[in-house]
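Structural features, examined
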Amino acid sequence: EPDSGAPATPAPLHLYGYGSYGHSIEPAFSSRTLPLVDRGVVYAVAHVRGGSENGRWQWYEEGGKYLTKRNTFNDFVDVADALVRTGWTQPKCMSCEGRSAGGLLVGNVVNMAPHLFRAAIAGVPFVDLIVTMCDPSIPLTTGEWEEWGNPNEPKYYEYMLSYSPIDQVRAQAYPSILATGGLHDPRVAYWEPAKWVQHLRAKRTNAQEDPRKVLLKMDLSAGHFSASDRYKYLRELAFDYAWLLDELNLREVKVGATGKQVKGRKGDKDALLLAPPCPLRQLRMKAAWFDGKD
């Protein structure tokens with residue numbers, strides 16, 4: 001469409017966000033998005049308040065921390081809603097992702113607007129806000145009061161409680177959620193995603209036959225920044241993307257090394273292969289199982 005640039009028909013879309021500490025996500029190429037883009041998934045980044053994309057004072061100091069923090073979550077929901085309204089995607093094929101403080105964002109978004117997403121990835125999510133911020137014995141707690149507020153002051157406590165994801169889980173249907181954590185994480189303790197997942201499972205009202213599930217993946221050797229080993233990091237990323245593509249019903253999109261459709265072996269369930277560089281029109285090609293002969 002000439003006005004919005006949206007595709008002729010809604011496409012699968014993955015929406016990423018962070019929105020804390022004044023951190024800006026600059027437009028830049030990243031090879032890690034290619035496994036999604038090569039399968040026709042639109043990759044979008046929401047510049048929500050809490051970052052500094054539109055100026056540190058306006059977008060962060062005044063509009064995205066302390067007693068204005070909820071703007072971060074409202075902005076992300078507004079971006080997702082706009083992507084649906086302008087024809088870029090549909091809720092049944094849109095997913096979202098955030099890590100650490102971005103997991104706080106995802107935790108709030110699935111509470112506020114679960115109908116907008118098919119799936120959500122929350123990496124080492126900061127979701128037990130009140131418990132963590134009220135415990136000064138945790139190494140980073142008191143320093144974090146500069147971002148969220150001091151819960152010993154009633155005005156900050158009540159406001160923080162209003163957007164603490166664990167405390168705001170409610171009885172409603174939720175999208176599929178993959179929460180990840182690291183046993184040795186000094187920033188977001190492993191019990192935060194573990195407790196959050198249990199709260200979601202206990203309160204969600206999804207029908208028993210609903211394919212959307214809430215999963216927890218705990219790495220028993222990792223810290224806050226996942227694997228330091230490059231190849232292990234890629235395996236972890238592959239796991240996340242394999243889960244995501246399965247949720248978006250794109251798990252069978254495979255191509256041969258030449259970009260041509262190939263007939264795969266019966267029962268071939270190997271890992272998804274990267275498509276070769278190709279024009280946008282080829283991204284929607286109907287691909288088959290790779291038989292390993294190209």
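This structure is a prediction, so every number in the text was calculated from the model and none was measured.

As for the confidence of the model for the chain
- The predicted model of the chain averages 84 in pLDDT, with 81% of residues at 70 or higher.
- Contacts for the low-pLDDT stretch residues 255-294, under 50 throughout, to residues beyond four places or in other chains number 67 contacts.

As for the sheet that holds strand β6 (residues 214-219)
- With respect to topology, 6 strands assemble into an open sheet ordered β2-β1-β3-β4-β5-β6, the strand pairing being parallel. Two strands in the sheet have a free side with no partner beyond their single neighbour: β2 (42-45) and β6. Ignoring which end each strand starts from, the neighbouring axes of this sheet average 15° apart.
- Each of β1 (13-16), β2 and β3 (94-99) is contacted by helix α3 (residues 70-85), which is oriented at about 160° to β1, the strand it contacts most.
- Lying on the sheet, helix α8 (residues 191-203) is in contact with β4 (119-123), β5 (176-182) and β6; it crosses β6 at an angle near 165°.

What to know about helix α7 (residues 154-162)
- Buried residues of α7: Tyr156, Tyr159 and Met160, and no others. End-on view of α7: buried residues confined to an arc of 100°, all on one side of the axis.

With respect to a nonpolar patch on the surface
- Where nonpolar side chains cluster on the molecular surface, the patch consists of Leu183, Tyr190 and Trp191 and spans about 270 Å² of accessible area.
- Locating Trp191 in the fold gives a position in helix α8.

Quick look at the pattern of salt bridges
- Here the structure, examined in full by the defined rule, presents 9 salt bridges.
- For Arg32, the salt bridge is made with Glu97, and the minimal N-O distance between the two is 4.0 Å. Here Arg32 is found in the loop between β1 and α1 (34-37), whereas its partner Glu97 is found in strand β3, with 65 residues between them in sequence.
- Judged by its relative accessible area of 29%, Arg32 falls in the partly exposed class.
- Judged by its relative accessible area of 5%, Glu97 is buried.
- The residue Arg212 makes a salt bridge to Asp210 at a minimum N-O spacing of 2.8 Å.

Digging into the side chain of Ser164
- Within the secondary structure layout, Ser164 lies in the loop between α7 and β5.
- Ser164 gets classed as buried once you look at its relative accessible area, which sits at 0%.
- Here the side chain of Ser164 touches Asp167 through a polar contact of 2.8 Å, side chain to side chain.
- Those residues in contact with Ser164 that lie beyond four places of it in its chain are Val127, Asp128, Leu129 and Ile130.

Here we look at the environment of Ser162
- If you trace the backbone, Ser162 turns up in helix α7.
- Residue classification places Ser162 among the partly exposed residues on the basis of a relative accessible area of 26%.
- Note: C-alpha distance between Ser162 and Arg70 (92 residues apart in sequence) is 8.8 Å.
- Here Ser162 is in contact with Arg70 and Gln168, once residues within four sequence places are set aside.

Observations regarding the pairing of β1
- Burial along β1 is two-sided: Leu13 and Leu15 and His14 and Tyr16, pointing in opposite directions, are all buried.
- Taken together, the 4 bridges between β1 and β2 define a ladder with parallel strand orientation. In the sheet register, Tyr16 faces β2, and the bridge partner there is Val45.
- In terms of strand pairing, β1 meets β3 through 4 bridges, oriented parallel. When the bridges of β3 are listed, Leu15 appears paired with Cys96.

With respect to the nonpolar core
- By size, the foremost hydrophobic cluster in this structure holds 47 residues, and its most contacted members are Phe76, Trp148 and Trp196.
- One finds Ile121, Trp243, Leu244 and Leu250 within the second-largest nonpolar core, a separate group that totals 12 residues.

Quick notes on the side chain of Glu97
- Engagement of the side chain of Glu97 in a polar contact is seen with the side chain of His14, the distance being 2.7 Å.
- Apart from the residues lying within four places of it in its own chain, the contact partners of Glu97 are His14, Leu15, Tyr16, Gly17, Arg32, Val106 and Ile121.

Description of the packing of aromatic side chains
- As enumerated under the stated definition, the model contains 7 aromatic pairs in all.
- Ring centres 5.5 Å apart and planes at 45° place the aromatic pair Phe73 and Tyr163 in the tilted group. One end of the pair, Phe73, is in helix α3; the other, Tyr163, is in the loop between α7 and β5, and 90 residues separate them in sequence. The two residues Phe73 and Tyr163 agree in class, both being buried.
- Relative to Trp191, the ring of Tyr190 has its centre 5.4 Å away and its plane inclined at 75°; by these criteria the two rings are edge-to-face.
- Judged by its relative accessible area of 37%, Tyr190 falls in the partly exposed class.
- The class for Trp191 is partly exposed, based on a relative accessible area of 36%.
- An aromatic cluster of at least three residues, connected via ring pairs, comprises Tyr21, Phe126 and Trp148.
- The side chain of Arg49 reaches across the aromatic face of Trp59, ending 5.9 Å from its centre.

Conventions adopted
Residues numbered from 1 in each chain as written. Predicted model: local features only at pLDDT ≥ 70, side-chain atom pairs only at ≥ 80, totals over all residues. Heavy atoms only, no water. pLDDT = per-residue confidence, 0-100. Contact = heavy atoms within 4.5 Å. Pairing = 2+ DSSP bridges. Helix = DSSP H or I, 4+ residues; strand = E, 2+ residues; numbered from the N terminus. Axes fitted to C-alpha atoms, helices over the stretch in contact; angles between N-to-C directions. Buried < 20%, exposed > 50% of the residue type's maximum accessible area, 1.4 Å probe, protein only. Arc of directions from axis to C-beta. Patch = residues over 30% accessible without salt bridge, like charges linked within 9 Å, V, L, I, M, F, W, Y side chains within 5 Å. Areas by Shrake-Rupley, 256 points an atom, 1.4 Å probe, with all protein chains shown as cover. Salt bridge = Lys/Arg side-chain N within 4 Å of Asp/Glu carboxyl O. Polar contact = N/O pair within 3.5 Å; in protein donor to acceptor, adjacent residues only side chain to side chain. Core = buried A, V, L, I, M, F, W, Y, C linked by side-chain atoms within 4.5 Å. Phe/Tyr/Trp six-rings, centres within 6.5 Å; stacked < 30°, edge-to-face > 60°. Lys NZ or Arg CZ within 6 Å of the ring centre and 35° of its normal.

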